[in-house]
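Overview (structure and organization)
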Amino acid sequence: MHSRHIITYCLSTLLCLYGCSSSEKRKEQNDEEILENLSKIKETLVTKKDSLSALIIEIDEKIAIQKGFVEVPTAVSAVKVQPSTFEHYISLQCLAQTDNNVEVSAESAGTVVSLDVKHGQYVRKNQILLRLNPDIIDANITEIETALRLAEILYKKQKRLWENKIGSEIQYLQAENNYKSLEKKLQTLTVQRSKFDIRAPFGGYVDAIHVKLGELVSGGKPLLRIINTQNMYVESEISESHLRRISAQTLVKIVFEAMPSDTLTTSINWISKYINSNSRSFGIRANIPSTALTISPNMLGRMMVRDLIVENALTIPDRIIREEADGSNYVYTVAYDEENKPRSKKKQIIRKSSSEGHTWIEGLNPNDRVITQGYNAITEGTLLKL
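Presented here is an overview of the structure given in this document. Each chain carries its own residue numbering, running from 1 in the direction its sequence is written. Predicted model: local features are reported for residues with pLDDT of at least 70 only, side-chain atom pairs are reported and counted for 80 or more only, and whole-chain, interface and lining totals are derived from all residues. To get the side-chain values, take all heavy atoms of the structure and skip hydrogens and water.

Quick look at unusual backbone geometry
Using the following cut-off: Secondary structure elements follow DSSP: runs of H or I no shorter than four residues count as helices, runs of E no shorter than two count as strands, and numbering proceeds from the N terminus. Each residue's exposure class comes from its accessible area (1.4 Å probe, protein chains only) as a fraction of the maximum for that residue type: buried when under 20%, exposed when over 50%, partly exposed otherwise.
At N298, a residue that is not glycine, the phi angle is positive and equals roughly 75°. Mapping N298 onto the fold places it in the loop between β15 (281-287) and β16 (300-317). We classify N298 as exposed; its relative accessible area is 56%. In this structure, N312 takes a positive phi of about 55° despite not being glycine. Tracing the sequence through the fold places N312 in strand β16.

See the structure below:
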């Protein structure tokens, strides 16, 4: 309605100007003013004409879309494929372990008379942890020491007599044998006496104490647990099919379930020479970096062993790969038609290897644009909106 009013106004102005041309008033106007007014009217009409033309085109397009005469582009996202380093990992379940995790046991029976450590305490190697009652063996040692002193005196006297050709050889040998026998017994008892002082086999922390002061313990009973977490490792078993691709210094990544956001990088330092006949696998071990001091023995984790690395490989996300009825694979790429409009193009690919959500493929070229979003809504030749 607004456009109609403007056009009506312009036509009325023109008629007025021409109507006045026969009057005396027209003679008083100057030609320049008439031209100026006519130019303004023309500009107004041209502006409205352009606006109406654009509106007509827009309406025609909507009518065509409703009737199915115009192709509507499908919105998608695409990225360029660029060469990169591809790494493949074998995922294995593993446990954190340490050789310095032992139950300290008693070698002799006795009553706990001294408990010199507490939970969580750090102890040095050979530090006394607790003591068992040594009264009986101490009495035996005292008895043997007394007998040994007498045997030593008799042996030395008999030796001097024998050297002076006095007495019989049998008397000398008996004295020597008695002296050395008691000496050996004393050494044995001294070693046994040391077993009543329970010492730390290595430096570490007292993780558990299983006995109480005054408790009677038997030989072989676990008394305490000592742990040192500085030299830890993970072990696992891997199929024999990977034997040729695994070697010492192979890269390993470790992620523990209790700390999923932390990844430890290390390498294999031991490979078993034995193949398990039941599981057809062999053992591998990787040291945990010494900086990872929060790791505890028996923590469950995943051990990712790198068995393949390819330089300048073309990789794409696994999720965009489609499968044909015959089992072959393809992806949609961006191509331009004769009118330079972007359209989807199906490209056959060959999957070489997959790891961590990406696949190393063949069949594409560097800088090819693969469709990563909206690929489920398109087919071959679909008009795209990037």
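Read on for the rest.
Details of the sheet that holds strand β5 (residues 110-115)
To keep things clear, this is the line we draw: Strands are treated as partners if at least two bridges between them are detected by DSSP.
The four strands are arranged β8-β7-β5-β10 in an open sheet whose pairing can be described as antiparallel. Looking at strand neighbours, the two that pair on one side only are β8 (197-199) and β10 (216-217), the edges of this open sheet. Sheet topology places β5 next to strand β7 (residues 128-132); three bridges connect them, and they run antiparallel. The residue bridging L115 from the neighbouring strand is L130, located in β7.

What to know about the packing of helix α4 (residues 135-163) against helix α5 (residues 169-194)
What counts is decided by this rule: Angles run from 0 to 180 degrees between N-to-C directions of axes, and those axes are lines fitted to C-alpha atoms, restricted for helices to the stretch in contact. With respect to orientation, any angle under 35 degrees is reported as roughly parallel, any angle over 145 as roughly antiparallel, any angle of 65 to 115 as roughly perpendicular, and every other angle as oblique. In this scheme the crossing of two helices becomes right-handed for a clockwise turn of the near helix relative to the far one and left-handed for an anticlockwise turn of less than a right angle. Classification used: nonpolar for Ala, Val, Leu, Ile, Met, Phe, Trp, Tyr, Cys and Pro, charged for Asp, Glu, Lys and Arg, polar for all others including Gly.
Following both chains from N to C, one finds α4 and α5 inclined at 155°, their axes separated by 8 Å at the closest point. Classed by the angle they form, the pair α4 and α5 counts as roughly antiparallel. Of the two elements, α4 crosses α5, and the hand of that crossing is left-handed. Its residues placed into classes, the contact of α4 with α5 shows 15 nonpolar, six polar and nine charged.

Some points on the pairing of β15
Within a regular strand, side chains alternate between the sheet's two faces. Across the seven residues that make up β15, a large majority, five, are buried. Two strands pair when backbone bridges link them, and strand β12 (residues 232-239) and β15 are joined in this way by seven bridges, in the antiparallel orientation. The partner of V234 across the bridge, within β15, is A286. Direction of pairing for strand β14 (residues 259-271) relative to β15: antiparallel, over a ladder of three bridges. Note that in β15 the partner of I268 across the bridge is A286.

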